[in-house]
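Read off the chains here:
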Amino acid sequence: MNWILLVIAGLFEVAFASCLGKAKIATGNDVYLWYGGFLASLIISMLLLIKSTQTLPIGTAYAVWTGIGAVGTVLVGIFVFKDPTNFWRLFFIATLVGSIIGLKSVSH
């Protein structure tokens, strides 16, 4: 169950990073809505991370959480914000995904 909470926490990390990106390009009062989404996502992500580390090793949980956030944020950047892509960028994202899977498989 705590692995599921950790994955959800990682997805909320993607959400708070995405809200920062949207706030950067927003105008008027929309900026405050995106910053509100950032704060809400941040709080939820942290609470779920805290909950998941009650039974998972902190080093593994933190690495998986940041890995999910990094991969997800890069993918949102590519598909939503039109960030550039090239072979090496995708290669290193793939190695990060492999590392996350490896950490999950060797953790008890």
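Everything numeric here is computed off the predicted structure, so don't read it as measured data.

(A) Layout of helix H4 (residues 87-106). Between the first and last C-alpha of H4 there are 29 Å, a value that for 20 residues agrees with the 28 Å anticipated at 1.5 Å per step. Between a side-chain oxygen at the N-terminus of H4 and the backbone nitrogen of Trp 88 the separation is 3.1 Å; the capping residue is Asn 86.

(B) Here's a closer look at a nonpolar patch on the surface. A cluster of nonpolar side chains, contributed by Ile 43, Met 46, Leu 47 and Ile 50, occupies part of the molecular surface with about 380 Å² of accessible area. Mapped onto the secondary structure, Ile 50 falls in helix H2 (residues 30-52). Residue classification places Ile 50 among the exposed residues on the basis of a relative accessible area of 51%.

(C) Region of the structure containing the environment of Asn 86. If you trace the backbone, Asn 86 turns up in the loop between helix H3 (58-79) and H4. A relative accessible area of 46% means that Asn 86 is categorised as partly exposed. One polar contact links the side chain of Asn 86 to the main-chain amide nitrogen of Trp 88, over a distance of 3.1 Å. A polar contact is formed between the side chain of Asn 86 and the backbone nitrogen of Arg 89, at a distance of 2.8 Å.

(D) Representation of the packing of aromatic side chains in the model. Here the structure, examined in full by the defined rule, presents seven aromatic pairs. Judged by centre distance (5.7 Å) and plane angle (85 degrees), the ring pair of Phe 16 and Phe 38 falls under edge-to-face. On the criterion of sequence distance, the pair formed by Phe 16 in helix H1 (residues 2-25) and Phe 38 in helix H2 is long-range, its members being 22 residues apart. Under the relative-accessibility criterion, Phe 16 is labelled buried at 12%. Through a chain of ring-to-ring contacts, three or more aromatic side chains come together here, namely Phe 87, Trp 88, Phe 91 and Phe 92. The positively charged end of Lys 104 is found above the aromatic ring belonging to Trp 3, 5.0 Å away from the centroid.

(E) Highlighting the nonpolar core. Ranked by size, the top nonpolar core spans 18 residues in total, and within it Leu 6, Val 64, Trp 65 and Ile 100 carry the most contacts. Put simply, the parts of the chain that give this core at least two residues each are H1, H2, H3 and H4. Ranked by the residues each element gives to this core, the list is headed by H3, at seven residues. For Val 64, the residues in contact, after removing those within four places along its chain, are Trp 3, Leu 6, Ile 100 and Leu 103.

The rules behind the values
Residues numbered from 1 in each chain as written. Predicted model: local features only at pLDDT ≥ 70, side-chain atom pairs only at ≥ 80, totals over all residues. Heavy atoms only, no water. Helix = DSSP H or I, 4+ residues; strand = E, 2+ residues; numbered from the N terminus. Expected span 1.5 Å × (residues − 1). Polar contact = N/O pair within 3.5 Å; in protein donor to acceptor, adjacent residues only side chain to side chain. Patch = residues over 30% accessible without salt bridge, like charges linked within 9 Å, V, L, I, M, F, W, Y side chains within 5 Å. Areas by Shrake-Rupley, 256 points an atom, 1.4 Å probe, with all protein chains shown as cover. Salt bridge = Lys/Arg side-chain N within 4 Å of Asp/Glu carboxyl O. Buried < 20%, exposed > 50% of the residue type's maximum accessible area, 1.4 Å probe, protein only. Phe/Tyr/Trp six-rings, centres within 6.5 Å; stacked < 30°, edge-to-face > 60°. Lys NZ or Arg CZ within 6 Å of the ring centre and 35° of its normal. Core = buried A, V, L, I, M, F, W, Y, C linked by side-chain atoms within 4.5 Å. Contact = heavy atoms within 4.5 Å.

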